[in-house]
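Inside the fold
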Amino acid sequence: MSKKIVILTGAGISAESGIKTFRGANGLWENHPVEEVASPVGWERNMELVLDFYNQRRQQLVKCQPNKAHFALVELERQYDVVVITQNVDDLHERAGSKKVIHLHGELLKMRSSVDENLVFDCLNDIAVGDKCPKGSQMRPHIVWFGESVPRMEDAILEVSTATKVIVIGTSLSVYPAAGLLNYATPESSKWLIDPDTIYVPPVANLEFIQKKATEGVPELAHQLLQNENCVI
Ligand code: OAD
């Protein structure tokens with residue numbers, strides 16, 4: 001189990017579970033400009049709208065199920081030490097059964113104090129204006145918004161830099177610092193990028209672009225990696 005596979009996922013892996021990607025519709029996210037619902041400025045401007053937006057996303061999430069791509073990544077754990085680093089705020093990797101998941105951009109099923117980011121709580125229901133943490137500050141979604149720091153970034157860098165294989169799935173690689181993670185992979189490590197669209201393929205060593213949807217490309221690659229643990233691909 002010494003061989004480590006690190007997986008970096010984005011919205012594309014959950015698209016076939018029914019969760020919309022961010023940049024699929026003219027930069028609008030479920031009809032909102034991203035800045036309106038995913039930035040501290042948006043929060044200050046209209047707390048109710050932001051809470052309502054994430055309440056709807058949470059209600060939608062509980063009706064969605066992990067897909068074949070999420071499950072295929074769990075299969076890899078039979079032979080590899082697998083770490084999933086996800087930009088997604090859904091819990092579909094966990095529900096599929098992945099054991100090590102790092103959420104770079106937070107989690108929909110958690111909420112936190114709007115004053116102290118370390119006061120984090122489970123959140124299965126809607127958050128309303130006036131819902132306060134035990135210390136008296138307004139609750140907000142436990143989501144990393146634009147302009148905020150990414151607390152799990154150091155952990156993610158460590159995982160990528162010690163991986164023998166790196167698989168990137170369904171991300172436009174357009175939001176930093178997450179988009180820069182591939183640069184921390186060693187040149188010797190094997191790398192794959194799975195995405196159905198013609199996207200920017202970063203110029204890193206040993207990277208193969210698999211132009212397929214996640215539910216097709218991920219199970220195929222997982223099968224290949226499980227067939228031959230020592231394969232050179
Ligand atoms: P994007 O919406 O930017 O990119 C989604 C990617 O998924 C695109 O490259 C699509 O081509 C691809 N895609 C679409 N359908 C797919 C499928 N069936 N299988 C595989 N890939 C598919 O989403 P992210 O890169 O995840 O941040 O966006 C990064 C961050 O921007 C998000 O985490 C979010 C957002 O603003 C925050 O909320 C802080």
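Scroll up to find the structure this text is about.
Keep in mind the model is a prediction, meaning the values are calculated, not measured.

Moving on, we come to the nonpolar core. Counting residues in each nonpolar core, the largest one holds 24 residues, and the members touching the most others are I85, L104, V168 and L181. At the level of elements, β1 (4–9), β4 (81–86), α7 (153–161) and β9 (165–169) are the ones that each hand at least two residues to this core. No other element matches α7, which puts 4 residues into this core. I85 has contacts with V6, I7, L8, T9, I102, L104, A156, E159, V160 and L181, leaving out every residue within four places of it along the chain. Membership of the second largest hydrophobic core comes to 23 residues, among which are V37, I127, M139 and I143.

Position of Q224 among the secondary structure elements: in helix α8 (residues 214–227). For Q224 and V168, which are 56 residues apart along the polypeptide, the C-alpha to C-alpha distance reads 16 Å.

The local shell around the ligand holds 22 residues, among which F22, R23, T171, S172 and D195 are the closest. The separation between an oxygen atom of the ligand and a polar side-chain atom of D197 is 2.8 Å. Across the complex, the protein chains shield 93% of the 800 Å² of accessible surface that the ligand would expose by itself. Here the shell around the ligand is composed, by residue class, of 9 nonpolar, 8 polar and 5 charged.

With that settled, the discussion passes to the pattern of salt bridges. Per the stated rule, a full pass over the model turns up 9 salt bridges. Measuring nitrogen to oxygen at the nearest pair gives 2.6 Å for the salt bridge that ties K4 to E159. Linking K4 in strand β1 with E159 in helix α7, this pair joins segments that are 155 residues apart in sequence. The residues K4 and E159 share a single accessibility class, namely buried. With a shortest N-O distance of 3.3 Å, K110 and E107 are connected by a salt bridge. Since its relative accessible area comes to 26%, K110 is described here as partly exposed.

As a further point, take the sheet that holds β9. Two orientations exist for strands paired in a sheet by backbone hydrogen bonds: parallel and antiparallel. Sheet architecture is open: 6 strands sit in the order β5-β4-β1-β9-β10-β11, paired in parallel fashion. Strands with a single pairing partner mark the edges of an open sheet, and in this sheet they are β5 (101–103) and β11 (207–210). Geometrically, the sheet is characterised by an average inter-axis angle of 15 degrees between neighbouring strands, direction not taken into account. Contacting β1, β9, β10 (190–194) and β11, α8 runs over the sheet at an angle of about 160 degrees to β10.

About the criteria used
- Residues numbered from 1 in each chain as written.
- Predicted model: local features only at pLDDT ≥ 70, side-chain atom pairs only at ≥ 80, totals over all residues.
- Heavy atoms only, no water.
- Core = buried A, V, L, I, M, F, W, Y, C linked by side-chain atoms within 4.5 Å.
- Buried < 20%, exposed > 50% of the residue type's maximum accessible area, 1.4 Å probe, protein only.
- Helix = DSSP H or I, 4+ residues; strand = E, 2+ residues; numbered from the N terminus.
- Contact = heavy atoms within 4.5 Å.
- Near = heavy atom within 4 Å.
- Polar contact = N/O pair within 3.5 Å; in protein donor to acceptor, adjacent residues only side chain to side chain.
- Areas by Shrake-Rupley, 256 points an atom, 1.4 Å probe, with all protein chains shown as cover.
- Nonpolar A, V, L, I, M, F, W, Y, C, P; charged D, E, K, R; others polar.
- Salt bridge = Lys/Arg side-chain N within 4 Å of Asp/Glu carboxyl O.
- Pairing = 2+ DSSP bridges.
- Axes fitted to C-alpha atoms, helices over the stretch in contact; angles between N-to-C directions.

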